[in-house]
Amino acid sequence: MSKPLVLVTRQIPDVGLDRLNEECHVILWEHDSVAPRDWVLEHIREAAGVVSLLTDVLDATVIASAPFLKVVSTMAVGFDNIDIEECSTRRIPVGHTPGVLTETTADFAFALLITVARKIVEGARYVKDGHWKTWSPTLLLGQDLHGATLGIVGYGRIGQAVARRAKGFGMRILACRSSAQAPTHGEDDDDVELVDLPTVLAESDFVSLHVPYTQATHHLIGKCELERMKGSAILVNTSRGAVIDSNALAAALSAGDIAAAALDVTDPEPIPLDHALFHEPQCLIVPHMASASIATRERMAVMAVENLLAGLQGTRVPFVVNPEVYR
Ligand code: DGY
């Protein structure tokens with residue numbers, strides 16, 4: 001029996017790719033860049049499955065040009081780049097990778113928070129630039145995490161993992177859930193005050209975003225929300241860039257409405273070098289790397305491959321975004 005033809009839009013960790021190669025005829029975009037749309041359109045025509053990344057736009061046109069497609073599997077927990085409705089209409093299950101990146105992403109959100117609150121990047125630059133002459137009682141003073149209030153916007157898996165870290169740091173924790181997030185097991189925690197978004201924004205010293213990107217969370221944090229935050233507040237985003245109105249954030253940082261921001265994700269991505277945010281000294285930007293640990297990326301690859309193989313075999317995709325395809 002011939003192997004099913006599968007499109008893989010970027011080199012994924014070997015542990016996943018090797019498994020795929022055993023079971024499938026793989027067509028791989030071998031470069032470390034986003035697979036061009038034309039290339040995807042050309043090859044998806046014949047494909048029974050696709051392993052994609054969050055940088056691929058799998059819209060209705062792409063899905064419609066794949067008559068043999070049985071499964072889509074994204075190596076990410078977020079799936080806002082895929083037209084799920086179109087897939088569901090075609091009864092194509094879409095797999096994603098929740099859970100395996102929760103702790104790694106929460107670690108990173110916390111790392112960003114500490115980095116900005118304690119001015120670690122500024123300190124490193126100060127030393128490298130040769131300015132360090134003596135200990136100073138007033139040099140690079142930052143904000144304490146202990147005793148401060150952390151606001152968590154989006155209290156799903158990752159938001160809860162961030163809360164667990166905040167607890168260890170002796171913080172007061174406020175959280176609000178996005179309407180897209182179903183309550184998850186373990187959410188009841190006496191140390192976390194579940195409140196509404198305006199309260200989170202007004203009362204928190206630090207705000208960390210953990211909502212999925214949907215129509216409802218598009219620009220969830222805009223001008224009004226930023227104005228509601230404390231002037232000393234730090235905003236951390238490891239969710240999706242467009243959850244924040246980037247222009248409003250740049251304006252708020254420039255006006256001193258909030259103290260600083262740490263962004264793992266931007267809108268657009270990558271952030272253009274001439275974007276106002278890029279020039280805000282109080283804005284730390286890193287290249288969408290919150291889940292980038294060796295072990296987690298390997299787990300994500302394996303999970304994406306297992307989702308794909310299940311879909312190809314016609315069994316239920318273990319981590320399916322659109323379970324309606326099975327009804
Ligand atoms: C995801 O999985 O959606 C992250 O943004 C990348 O790991």
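Data block above holds the structure.
Everything numeric in this text was worked out from a predicted model, so none of it was measured.

Chemist: Sorry if this is basic, but what is going on with a negative patch on the surface here?
Modeler: On the surface, a cluster of negative charge is made up of Asp14, Asp18, Glu22, Glu23 and Glu298. It is helix α1 (residues 14-23) that provides the largest number of residues to the negative patch, a total of 4 residues. Residue placement: Glu298 occurs in helix α11 (residues 294-313).

Chemist: Is there a simple way to think about the environment of Gly241 in this case?
Modeler: Structurally, Gly241 is set in the loop between β10 (234-237) and α10 (246-255). It is 4.5 Å that separates the C-alpha atoms of Gly241 and Asp267, two residues lying 26 residues apart in sequence. With residues up to four places along the chain from it excluded, the contact list for Gly241 reads Val265, Thr266 and Asp267.

Chemist: Mind showing me how you'd approach the pairing of strand β7 (residues 172-176) here?
Modeler: Working note: regular strand, side chains alternate between the two faces of the sheet. β7 sits mainly inside the fold: 4 of its 5 residues count as buried. Both strand β6 (residues 149-153) and β7 contribute to a ladder of 5 bridges, which runs parallel. Across the sheet, residue Ile152 finds its bridge partner in β7, namely Ala175. Crossover β6 to β7 through helix α7 (residues 157-168) is right-handed. Note: β7 against strand β8 (residues 192-194), 3 bridges, orientation parallel. Looking at β8, one finds that Ala175 is bridged to Leu194.

Chemist: Mind showing me how you'd approach the pattern of salt bridges here?
Modeler: Side chains bearing opposite charge may pair, as long as their charged atoms lie close to each other. On inspection of all chains with the given rule, the structure shows 12 salt bridges. Notably, a salt bridge pairs Arg165 with Asp107, separated by 2.8 Å at the nearest N-O pair. Residue Arg165 is located in helix α7, and its partner Asp107 is located in helix α5 (residues 102-117); the two are separated by 58 residues in the primary sequence. For Lys230, the salt bridge identified is with Asp205, shortest N-O distance 2.9 Å. You can see Lys230 sitting in the loop between α9 (223-228) and β10 and its partner Asp205 sitting in the loop between α8 (197-203) and β9 (206-209), a full 25 residues away along the chain. Using a relative accessible area of 29% as the deciding quantity, one classes Lys230 as partly exposed. Where salt bridges share partners, they join Glu103, Asp107, Arg164 and Arg165 into one cluster.

Chemist: Would you take a moment to explain the layout of surface pockets for this structure?
Modeler: Gaps left between atoms are located by rolling a probe of water-molecule size over the structure's atoms. Roughly 390 Å³ of internal volume is contained in the second largest pocket. At the level of elements, α5, α6 (120-128) and β12 (283-285) are the ones that each hand at least two residues to the lining of the second largest pocket. When its residues are assigned to classes, the lining of the second largest pocket shows 11 nonpolar, 4 polar and 4 charged.

Chemist: Whenever I open this one, the sheet that holds β10 confuses me. Can you help?
Modeler: Think of a sheet as strands paired side by side through backbone hydrogen bonds, with each pair either parallel or antiparallel. Taken in spatial order, the 7 strands of this open sheet run β8-β7-β6-β9-β10-β11-β12, and their pairing is parallel. With partners counted over all chains shown, the strands left at the sheet margins are β8 and β12, one partner each. Strand-to-strand twist in this sheet, taken as the mean axis angle between neighbours without regard to direction, amounts to 15 degrees. Contacts from α5 reach β6, β9, β10, β11 (260-263) and β12, with the element oriented near 150 degrees to β10.

About the criteria used
- Residues numbered from 1 in each chain as written.
- Predicted model: local features only at pLDDT ≥ 70, side-chain atom pairs only at ≥ 80, totals over all residues.
- Heavy atoms only, no water.
- Patch = residues over 30% accessible without salt bridge, like charges linked within 9 Å, V, L, I, M, F, W, Y side chains within 5 Å.
- Areas by Shrake-Rupley, 256 points an atom, 1.4 Å probe, with all protein chains shown as cover.
- Salt bridge = Lys/Arg side-chain N within 4 Å of Asp/Glu carboxyl O.
- Lys, Arg positive; Asp, Glu negative; His and termini not counted.
- Charge placed at Lys NZ, Arg CZ, Asp CG, Glu CD.
- Helix = DSSP H or I, 4+ residues; strand = E, 2+ residues; numbered from the N terminus.
- Contact = heavy atoms within 4.5 Å.
- Buried < 20%, exposed > 50% of the residue type's maximum accessible area, 1.4 Å probe, protein only.
- Pairing = 2+ DSSP bridges.
- Right-handed = clockwise from strand over helix to strand, strands pointing away.
- 1 Å grid on protein atoms, 1.4 Å probe; cavity = no way out; pocket = protein on both sides within 12 Å on 5 of 7 lines; lining within 4 Å.
- Points joined across faces, edges and corners; volume = space filled by probe spheres on them.
- Nonpolar A, V, L, I, M, F, W, Y, C, P; charged D, E, K, R; others polar.
- Axes fitted to C-alpha atoms, helices over the stretch in contact; angles between N-to-C directions.

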